[in-house]
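# Secondary and tertiary structure notes
Take a look at the letters that make up each chain.
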Amino acid sequence: MTPKSAVLFARSKKLHVNGVSHNIRFFSPYPFVTKSAKGKYLVDVDSNKYVDFWMGHWSLILGHAAKQVLAKTKEQLGRGWMYGTVNKNTVELSEKIQSVVPVAEKIRYASTGTEATMYAVRLARAVTKKKIIAKIDGGWHGYTTDLLKTVNWPFTQTESAGLTDEEHIISIPYNNLEESIEILKSVKNDLAGVIIEPILGGAGCIPATKDYLVGIQEFVKKKNGLFMLDEIVTGFRFRNGCLYNTMGLDPDIVTLGKIVGGGFPIGVICGRDEIMDHANTQSHQRKNRAYIGGGTFSANPMTMIAGAATLDILKNARTYSKIKKLGDTTRKKITKAFDGQVIVTGKDSLFMTHFVKNEITEINNAQDVAKCDSTRLQRFHFEMMVEDGIFFLPGKLGAFSDAHSEADVKTLVDAAERFSENK
Ligand SMILES: Cc1ncc(COP(=O)(O)O)c(C=O)c1O
């Protein structure tokens, strides 16, 4: 099916480490090479068409090349795509974010989520004058030098050579409040903050319980550390705004990305005024201030206008109710199709199938996911790619967009039934 992809990927391997620029984009024997994308479809260089559930690392909630975003970005191209100066598009996007994300009393932009979480950690350390940051076992916040630890099983190790700050990062188990608090207590007085995804994304699409998040928030604030929520996946995914304000949470810093850039590169640091003011170069001397945000392409007019066009559409709850229904039905039907072999985690439009083994009956954290059969999940995804023209990045969670429909749920469930019968 993919001879042209094979040739192009062989060329890519000569040029790029592992043939890719992001490790997770490689899958065996070689990934197809994309030619174009529109609506729910990705098209490869051999003209195979795939219904896409990866949706640009889940950033494309309206689908590929959504017409409203396309129109606005095309207009913007004519006015210039890179100013490197203050621009109106930024003010307009920030007003939209601030109107629905109360913690965003002040905002700074970067070009990736990785930078946003890196800046959040730096700011927490600058504000508290403490060093230790706690993250979650399996928590993924990008390739930041600070947080590239305990991402994969057994959640005790650094993920990369070349890091320098490992001893100042500790890790706690998701949805296990008692054990997490025990670990946090061991830090004594040096806890600068905790950074958590309200839904553990890359590590298995697992919602946190409200009690867990409230408990962690309470503890960290009592210790004068900062409670940071990484809503890079969850922000604007389930509602016009973040998840935290539906859970009675009061974070000090929230990071956003993906959807708020309308599919263009973005990372956002949002925080309360008194916290963000520590980055203020006018009121703080060098030794007391943190540099956060910025970069050549930060707040570029293309990203800003694409984000604003996306948020304009998301103001109308129609998209959310549509994709929630698609996700809810999918979770129910895939669970039924596999008749006890799987647990399908997620929330609303995000979902992930876990092939259970090792007597797993519930999935509450990354440790539970690590006991499931990830090889079988990858085979399921790979088979759908080849047999059904359905694309998941093998082994990763899926996302519905406004471009999907009930028909896609049916194709997916039919594929699940076939896979369940054959294996
Ligand atoms: C929760 C979370 N935080 C941070 C990041 C990093 O964002 P980026 O890939 O834009 O650097 C990701 C990326 O998937 C993510 O899922």
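Further up the page is the structure itself.
Residues numbered from 1 in each chain as written. Predicted model: local features only at pLDDT ≥ 70, side-chain atom pairs only at ≥ 80, totals over all residues. Heavy atoms only, no water.

Looking now at helix α10 (residues 318-338). The end-to-end C-alpha distance of α10, which contains 21 residues, comes to 31 Å, matching closely the 30 Å that a straight helix rising 1.5 Å per residue would cover. In this fold, the buried residues of α10 make contact with α9 (301-314), β13 (342-347), β14 (350-355), α12 (374-388) and α13 (406-422). (Helix = DSSP H or I, 4+ residues; strand = E, 2+ residues; numbered from the N terminus. Expected span 1.5 Å × (residues − 1). Contact = heavy atoms within 4.5 Å.)

We now examine the nonpolar core. Formed by 103 residues in total, the largest nonpolar core has its most connected members in Ile97, Ile196 and Phe236. Per-element tally for this core: the top contributor is α9, with seven residues. Split by domain, the residues of this core number at least three in each of domain 1 (3-65 + 317-422) and domain 2 (67-314). Look past the residues within four positions of Phe236 in its chain and what remains in contact with it is Ile61, Ile97, Val100, Val101, Gly241, Leu256, Ile259, Val260, Leu311, Leu314 and Tyr320. Listed in part, the 23 residues of the second largest apolar core include Leu123, Ala192, Ile253 and Met276. (Core = buried A, V, L, I, M, F, W, Y, C linked by side-chain atoms within 4.5 Å. Buried < 20%, exposed > 50% of the residue type's maximum accessible area, 1.4 Å probe, protein only. Domains from an automatic or database assignment.)

Time to look at helix α5 (residues 113-128). Compared with an ideal rise of 1.5 Å per residue, which puts 16 residues at 22 Å, α5 spans 23 Å between its outermost C-alpha atoms and is within 8% of the ideal. A large share of α5 lies buried, amounting to 12 of its 16 residues. When α5 is considered as a whole, its buried residues turn out to be Gly113, Ala116, Thr117, Tyr119, Ala120, Val121, Leu123, Ala124, Arg125, Ala126, Val127 and Thr128.

Moving on, we come to the sheet that holds strand β12 (residues 267-271). Spatially, β4-β12-β11-β10-β7-β5-β6 is the arrangement adopted by the seven strands of the open sheet, whose pairing is mixed. Each having just a single partner strand, β4 (106-110) and β6 (169-172) make up the two edges of the open sheet. Neighbour-to-neighbour, the strand axes of this sheet turn through a mean angle of 20°, independent of strand direction. Two elements, strand β11 (residues 253-257) and β12, share five bridges in a ladder whose sense is antiparallel. Bridge pairing in β12 links Thr255 to Ile269. Along the sheet face, α5 touches β4, β5 (132-136), β6, β7 (191-196), β10 (226-230), β11 and β12 and points at about 175° away from the line of β10. (Pairing = 2+ DSSP bridges. Axes fitted to C-alpha atoms, helices over the stretch in contact; angles between N-to-C directions.)

Next up on the list: the environment of Val386. Within the secondary structure, Val386 sits in helix α12. Sequence separation between Val386 and Thr2 is 384 residues, and the spatial gap between their C-alpha atoms is 10.0 Å.

Within β10, five of the five residues are buried, which leaves it mostly tucked inside the rest of the structure. Of the two faces of β10, the one holding Leu226, Met228 and Asp230 and the one holding Phe227 and Leu229 are both buried throughout. Taken together, the four bridges between β7 and β10 define a ladder with parallel strand orientation. Paired with Ile196 across the bridge in β10 is Leu229. Of the strand pairs in this sheet, β10 and β11 are connected by three bridges, and their pairing is parallel. Each residue of the ladder has a partner; that of Met228, found in β11, is Ile253.

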